[in-house]
Amino acid sequence: MIKEEKIYKCTHCGSENIVKNGTTVKGQQKFHCKDCHSYRTLNPILKYTQERKDEILKAYEERASLRGVHRIFGISVTSLLDWIKKRVQISRI
Ligand SMILES: [Zn+2]
């Protein structure tokens, strides 16, 4: 018999001093960190992977309009603007 033991850490501060704290609407386990007092999800489901984000941003950089990208990929204009702002902030550093 093979037993695997996985140690979860707080995604905010990295502390192991966490306790279970219910589930989300989708059934994901939530936790409470006793050190930084944050409430978060253990394994959040990411809607878009980094490669998918890069692909969509590349389409935007090829001079497609915001609404055009929204129509093609089905992504909201607000999310797209957030990604563009983050990319600009990263490139300025
Ligand atoms: Zn923490």
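Residues numbered from 1 in each chain as written. Predicted model: local features only at pLDDT ≥ 70, side-chain atom pairs only at ≥ 80, totals over all residues. Heavy atoms only, no water.

## Describing the environment of Ile7
The topology assignment puts Ile7 in the segment before β1 (18-23). Residue class for Ile7 comes out exposed when judged on its relative accessible area of 54%. A C-alpha to C-alpha distance of 11 Å links Ile7 and Leu42, two positions 35 residues apart in sequence. (Helix = DSSP H or I, 4+ residues; strand = E, 2+ residues; numbered from the N terminus. Buried < 20%, exposed > 50% of the residue type's maximum accessible area, 1.4 Å probe, protein only.)

## Topic: the domain arrangement of the chain
When its domains are assigned, the chain resolves into domain 1 (7-44) and domain 2 (50-92). Between domain 1 and domain 2, the C-alpha centre-to-centre distance is 30 Å. (Domains from an automatic or database assignment.)

## Considerations on unusual backbone geometry
Of note in this structure, His37 is not a glycine but carries a positive phi near 55°. With respect to the element layout, His37 can be found in the loop between β2 (29-33) and β3 (39-41). In this structure, Arg63 takes a positive phi of about 65° despite not being glycine. Positionally, Arg63 belongs in the loop between α1 (50-61) and α2 (66-73). Judged by its relative accessible area of 80%, Arg63 is exposed.

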